Structures are given as C-alpha cells and as structure tokens.
Amino acid sequence: MTLSAIREHLRQMRFLAGLTDTAIHQLAKLVTRVSYDGNRLIFEEGAPREVAALIHTGAVAVEKQVNGRPVRLVTLGPGDAVGEGLLLDDAPHGTTARTLAATEAYVLTKDRAQEMVKEHPTLYAALVGRAARAISQRLAATDATLVGRGRTLGFGGNRFRREKDLLGERDVPEDALYGVQTLRALENFPISGTPLREFPALIESLAAVKEAAALANAELGLLPADLCDAIARAAREVRAGRHHEHFLVDMIQGGAGTSTNMNANEVIANRALELLGDQRGNYARLHPNSHVNLGQSTNDVYPTAVRIALHGEIETLRVALRDLAESFQDKGREFEGLLKMGRTQMQDAVPMTLGQEFAAFGHTLLEDVDRLGESLTLVREINMGATAIGTGITAAAGYTELVRRRLSEITGLALVTSPDLIEATSDTGAFVQLSGVLKRCAVKLSKICNDLRLLSSGPRAGFGEINLPPMQPGSSIMPGKVNPVIPEVMNQVCFDVIGGDVTVTMAAEAGQLQLNAFEPIIAFRLLRSIDELRSACEVLRTRCVVGITANPDRLRWFVEHSIGVVTALVPALGYSTATAVAKEALESGRGVYDIVLEKGLMTRSQLDEALNPRNMV
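Source: prediction; values computed, not measured.

Caption draft 1: Local environment of the overall build of the protein. When its secondary structure is counted, the protein shows 21 helices and 16 strands. If one aligns the C-alpha atoms of the protein with their principal axes, the spans along those axes are about 100 × 70 × 45 Å. By residue count, 51% of the 617 residues in the protein fall in the buried class. Counted over contacts in the protein with a minimum sequence separation of 6, partners at least 24 positions apart contribute 73%. Of the side chains in the protein, 65 bear a positive and 73 a negative charge, and the two mean positions are spaced by 3 Å.

This is how it looks when you write it as structure tokens:
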C-alpha cells in the first residue's frame, strides 16, 4: 500500500481527528498495516505492551477476565484505537483485545513508539493526549455496561440523560446504548447473574430479526428509508459482534422476554440515532417501539430469535459431538487387536476386544448427531408476523411473508412460517423435543464417562484396563493419587443438562392460553445446556480420549482368569464339557486356560485361535 493511501486512511480515523498533515505523514511512516482473522488476539491481559492498533475496518472487543470468564467491557470499530496505553506507560496490558470479525488495523509497535518519542516529540505529545481522552471515554462507557442492579461504578462522571416510559422518568447513563426499560429490568431481575451478553448467538439473532423487520416495513412503505437504513446498519453491527456489552438484562426474567426485546430495541435505536448524527435518547426522531419494534411483539420476536440462535448452536454442538465420536472410533481402531472380558451386570460375561468397546462409544454418539440434526427442522418454523397472540394485529398486510423472506436472506436459513400463528405463539413443543434430545445426549455421555472411570479404576486395586491421561494431582492428603477429573466434569455437566430438561418440561407445561410466559427460562436452559455440552465434549476429547492408553497385560490376565471366557470355547468343547471346566475353575480358583491345557482338551494354539480378536467380530 502506498504512503499516500495510508495517510488517507489515517485522516479518516476519529482517534486522530485534528492532527496536522505533517503529523499524519510522520505517523504513516511509523505504522504497519496488519490483517487479522476473526477471533484473533491483538494482545492479551497480563502480557507486556508491544503494540497499539488503529482500527481501519472490522470490530474489536476489549475484554477482562472475571472469575475465569471473559467479560466484554467495550467494542471498538473503524476509527478507534486499542492498546493506546502503550504511549503512556510500560505496565502489562490490563485487558485483552480480540477481533470479532476480519479486521485491518494500522499497528504501532513499541520500538516505533520509542522512535517517535525521539524523532517526533510533537506527534508523540498529540497522541498521548488523545490516548488519555480515549481511555477516559472508555472508562465511562465501561461504567455504563458494568452496571449492576441499576447502580454504576462511578467512572462515568455522573453524566446521565433523562428518559421516560409508562412508569415515569429515569436517569440513564449517558454512555449507555440501552434505555430506561432496560434499566428497570436490571433493577427488577437480579436473578441468575447471567446477562444476555453471555449468549452472543441470541443477541445476533435478535439483531437479525430487527433488521429483517425494518427492511420489510420499509418495503411496505411504513418506515422512512433513512430510518430503515440506520436501523439495519445498527443491527448489522450487532450481528458482527459489536455493542454486545450493552445487552445486560438477566436471562431469567418476568414478562415473557419483553425485557430482552426492549434491550435490543433500545440498543439498536440509540446506535441508529448515532449513525444519523443525532444524540442517544432522542426518540422523537427514531423510537425503540415505534420504529425498531414496528409491526412486532415480544411474542413473535423473542421465540423467533431463540429458534434462530438455537439452530446455530445446535450445529456447533453436532460438530463437537461428531469430533468426540470420531476420537472414540480412532481409539477403536487403535485397540482392535486387544482381547478383553466384556461384562454385564458388573459380572464377567464373554470376551470382546477393547476396540469394539471404544468403537461402540463412538457409534452411540453418532446416533445423537443425527437426532440433533432432526431437531433443526423443528426450530426453523417461526411465528414472525403473529405479533401479540397470533392474529397479526398491528402488522401490515403482506408483512408476515416479507419479513420471513428477509430473515431467511439475512440468516441463510430456510425458515418457514407456521401455518397457524395462534398455535405457534402458544406452543413450545419444538423446545421440549430439543430438550429431550439434549437429555438423551447427556445420558449417553454420562454413561460413557462412568465406563471410562470404571475401566481406568485402580490403578492397582481396580480394573486398570486403560489409563486416562493424568491431568492434576488428585488429593491434598494422599500422595500419588490421580483422579479421573475430565470424565467427572462431563458427568456433572450431564447432570445439569438432565435437570435442565425437567425445567424446560415444567416451563412448557405451565404455559397458559395464548402465550407461554416462561420462554425466558426455556431459552436460558437450552442455550446453556448446548453451550455446556459443546465445551465438555471438546474437553473430554482433547484432554482425555485422545490420550487414553491400554494395559494389554492386564486385559489378557482378566481373559485368562475369567470364568466367562469358557463361553468362547463352547463351539470347540461342547456345552457340557465347558460347564464342567467352568465349575472346576470356580471351585478351585484356577484359570480356565490352565484347566483346559492340563486336561488336554485343547492345545495352546487352539486356545489362542479360539480367542483370537478377529474371531470376536
């Protein structure tokens, strides 16, 4: 890229507004254009400061670890700077910067910054001032998005705007994209401590619905073109990962999801106002209800967004489950030559191979990949256009089909409008069925992990047939003890998912008349269960299954000393002779192998052939 092109890009950046042409020219020679893929780290919390970045295109989230989980503080876009603290001090990064989409930035390295101090002190001083202002503004924005139960932390300088709703007027933090109804929800529902922003798929689905509705209403002549464009642009920013930090309402809430819908309406309305060059809160020009929510109700927006979010999340779970199943099947092939004893009712049964045991784990999980796939069809049926109870009141003629078509284009999904919108608005059957499939997955995964813990038990005083990778010391008092912590955590996730199915079942059953008011807990449990299962599958695969090894000598010892092995010899010895051998082995404590060889009933080669793993198929 030419120096003149770099200068032109830098001139367009808000962070650099007011810099002289000379300063822009000097800076253009110090920065390097860097392209980042989506979900890439620019820098990480605790790492030494090495770079500052001026964002040209894309979006970047600034996050901080809280209780082991990343919490998004702010999202930045074209024209913003990130990591500008490099200009102020040498302290390690206090936050992490992660790209939300493909991003191009002009990067200033630490070495180039030091060169600037020596060669261009006037430029350095100008950038330091801008960095200080940007950090101050970011603290104010963070104050608005870390609001807890309606109380801010005080970084915003007590700057508020006045908003009004049905219940009266309230002060909303000036830097908040949300509005008065979101603020009330924060005060009313401090329930789970899990805000909407922890479910980006749902936020992005809400934005897709709002964009589709705006486009449909504009096409019907109900929404002015400039307002439609601003709403659609704001919604696309949200779909790209920006502004999620302003989605703060608790996932568990009264009102059938109204607080979630209004949180989306307010964020998109206020961002649209900014894009129009107006002030946040100037709802006389663009209103959360009158414009962003035009022709809609929470009762069609919320379930539609939940279904779209679930569709994407189900697909990611299917990938994780399929990968886990394939890892078990890989182990099945690795262990196919190892004979072992099968067991039924915790008693010795008949011989099999360890490979067959692991391949079966894989096959049973692949069945659930298919069952999850079947649930996708159900969640693609939506009720957009139903509005309050399914009659379509306040929606214009033609809106229902138009909004479905627009939403399909935006999401890439073959969405179908329910043939009976009144039925669809009150029915949660698709959620119940999906929950049942998730429970089925959990039951199977938990059973498999029970088996892994049994097969690896000991290692000296248990089965000890396989070894799980050691992950951490297992006891604060018993030296040398290593526990099966990865299967144990999967067990616990499965218990939670199974319990979640009960929650979904009861919430679905408790719906009354034309609406189920308990969809928020249904959405929370389904999205949380999918997220937990997906993460647990990945952990089980990478930190356990791929590292499992077998103990061939232990496996063979069980075969040779088991009474159950005599079943494999029935074709050669006959049932009566085999029964006599089994009885003698049981009474004497000797192995079947020894008795058969001692009595000359079979040669060792005949015994080995009868118990050859290839004959176990």
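Caption draft 2: Molecular detail of the sheet that holds strand S3 (residues 51-57). In spatial order, the strands read S1-S8-S3-S6; together these four strands make up an open sheet with antiparallel pairing. Both outer strands of the open sheet, strand S1 (32-36) and strand S6 (81-82), are each paired with one neighbouring strand and no more. The sheet contact formed by S1 and strand S8 (residues 103-109) spans five bridges and is antiparallel. In the sheet register, Val34 faces S8, and the bridge partner there is Ala105.

Caption draft 3: Broad picture of the sheet that holds strand S5 (residues 69-76). Read from one edge of the open sheet, four strands run S2-S7-S4-S5, paired in antiparallel fashion. Either end of the sheet is taken by a strand with one partner, and the two such strands are strand S2 (41-43) and S5. Put simply, the sheet's adjacent strands are angled 35 degrees from each other on average, direction ignored. Taken together, the four bridges between strand S4 (residues 60-66) and strand S7 (residues 96-99) define a ladder with antiparallel strand orientation. Counterpart to Val60 in the pairing with S7 is Thr99.

Caption draft 4: Seen up close, the side chain of Asn299. Note that Asn299 resides in helix H10 (residues 298-334). A relative accessible area of 13% places Asn299 in the buried class. A distance of 2.7 Å separates the side chain of Asn299 from the backbone oxygen of Ala388, its partner in a polar contact. Those residues in contact with Asn299 that lie beyond four places of it in its chain are Asn383, Thr387, Ala388, Thr425 and Leu515.

Caption draft 5: View of the environment of Val369. By the element assignment, Val369 lies in helix H11 (residues 354-379). Given the relative accessible area of 2%, Val369 is considered buried. Measuring from C-alpha to C-alpha, the distance between Val369 and Ile314 comes to 9.6 Å, with 55 residues separating the pair along the chain. The residues contacting Val369, other than those within four sequence positions of it, are Arg318, Leu321 and Arg322.

Caption draft 6: Highlighting a negative patch on the surface. On the surface, Glu381, Asp420, Glu423 and Asp427 cluster together to form a negatively charged patch. By the secondary structure assignment, Glu423 is in helix H13 (residues 421-426). Owing to a relative accessible area of 34%, Glu423 belongs among the partly exposed residues under this scheme.

Caption draft 7: Highlighting the side chain of Ser562. The topology assignment puts Ser562 in the loop between helix H17 (552-561) and helix H18 (570-573). Discounting chain neighbours no more than four positions away, the residues touching Ser562 are Met341, Asp348 and Val592.

Caption draft 8: Inspection of the packing of aromatic side chains at higher detail. By the definition in use, this model includes six aromatic pairs. Pairing Phe328 with Phe358 gives two aromatic rings, centres 6.1 Å apart and planes at 45 degrees, and the pair type is tilted. Taken together, the positions of Phe328 in helix H10 and Phe358 in helix H11 put the pair 30 residues apart, joining distant regions of the chain. Pair check on accessibility: Phe328 and Phe358 agree, each one buried. Summarising the aromatic geometry, the rings of Trp557 and Phe558 are spaced 5.7 Å apart at their centres and angled 75 degrees between planes, so their arrangement reads as edge-to-face. Trp557 gets classed as partly exposed once you look at its relative accessible area, which sits at 44%. Its end group placed over the ring of Phe431, Arg307 keeps NZ or CZ at 5.1 Å from the ring centre. Residue placement shows Arg343 over the ring face of Phe463; its charged tip is 4.2 Å from the ring centre.

Caption draft 9: Representation of the packing of helix H3 (residues 110-119) against helix H4 (residues 121-145) within the structure. In contact at an axis separation of 6 Å, H3 and H4 are set at 120 degrees when each is read in the N-to-C sense. Classed by the angle they form, the pair H3 and H4 counts as oblique. Contacts between H3 and H4 involve Met116, Val117, Lys118 and Glu119 from the first element and Pro121, Leu123, Tyr124 and Leu127 from the second. Here the residues of the contact of H3 with H4 are counted per class, giving six nonpolar, no polar and two charged.

Caption draft 10: Representation of empty space enclosed by the protein. By the definition in use, this model includes two cavities of 30 Å³ or more. A volume near 90 Å³ is recorded for the largest cavity. When residues of the lining of the largest cavity are traced back to their parent elements, those giving at least two are S3 and S8. With three residues, the top contributor of residues to the lining of the largest cavity is S3. Residues of the lining of the largest cavity, tallied by class, amount to 12 nonpolar, no polar and one charged.

Caption draft 11: Examining the layout of surface pockets more closely. The calculated volume of the second largest pocket comes to roughly 780 Å³. Lining the second largest pocket are 25 residues; nearest its centre among them are Arg14, Leu76, Asp80, Gln137 and Arg280. Broken down by element, the lining of the second largest pocket gets its largest block of residues, seven residues, from H4. Partitioning the lining of the second largest pocket into residue classes produces eight nonpolar, five polar and 12 charged.

Caption draft 12: The arrangement of the packing of helix H6 (residues 200-219) against helix H12 (residues 399-411) in detail. Running from N to C, H6 and H12 point in directions that differ by 130 degrees, and their axes come no closer than 8 Å. Considering their axes alone, H6 and H12 lie oblique with respect to each other. When you trace H6 past H12, the crossing you get is right-handed. Where H6 approaches H12, its residues Ala208, Val209, Glu211, Ala212, Ala213, Leu215, Ala216, Asn217 and Glu219 are matched on the opposing element by Tyr399, Leu402, Val403, Arg406, Leu407, Ile410 and Thr411. In terms of residue class, the contact of H6 with H12 is made up of 11 nonpolar, two polar and three charged.

Caption draft 13: Main features of the pairing of S3. The buried fraction of S3 is high, at six of seven residues. Pairing of S3 with S8 involves six bridges; the strand directions are antiparallel. Across the sheet, Leu54 pairs through a bridge with Tyr106, a residue of S8. Here two bridges tie S3 to S6, and the two strands are oriented antiparallel to one another. Paired with Ala53 across the two strands is Val82, which belongs to S6.

About the criteria used
- Residues numbered from 1 in each chain as written.
- Predicted model: local features only at pLDDT ≥ 70, side-chain atom pairs only at ≥ 80, totals over all residues.
- Heavy atoms only, no water.
- Helix = DSSP H or I, 4+ residues; strand = E, 2+ residues; numbered from the N terminus.
- Buried < 20%, exposed > 50% of the residue type's maximum accessible area, 1.4 Å probe, protein only.
- Contact = heavy atoms within 4.5 Å.
- Lys, Arg positive; Asp, Glu negative; His and termini not counted.
- Charge placed at Lys NZ, Arg CZ, Asp CG, Glu CD.
- Pairing = 2+ DSSP bridges.
- Axes fitted to C-alpha atoms, helices over the stretch in contact; angles between N-to-C directions.
- Polar contact = N/O pair within 3.5 Å; in protein donor to acceptor, adjacent residues only side chain to side chain.
- Patch = residues over 30% accessible without salt bridge, like charges linked within 9 Å, V, L, I, M, F, W, Y side chains within 5 Å.
- Areas by Shrake-Rupley, 256 points an atom, 1.4 Å probe, with all protein chains shown as cover.
- Salt bridge = Lys/Arg side-chain N within 4 Å of Asp/Glu carboxyl O.
- Phe/Tyr/Trp six-rings, centres within 6.5 Å; stacked < 30°, edge-to-face > 60°.
- Lys NZ or Arg CZ within 6 Å of the ring centre and 35° of its normal.
- Parallel < 35°, antiparallel > 145°, perpendicular 65-115°, else oblique.
- Nonpolar A, V, L, I, M, F, W, Y, C, P; charged D, E, K, R; others polar.
- 1 Å grid on protein atoms, 1.4 Å probe; cavity = no way out; pocket = protein on both sides within 12 Å on 5 of 7 lines; lining within 4 Å.
- Points joined across faces, edges and corners; volume = space filled by probe spheres on them.
- Left-handed = near helix turned anticlockwise from the far one by under 90°.

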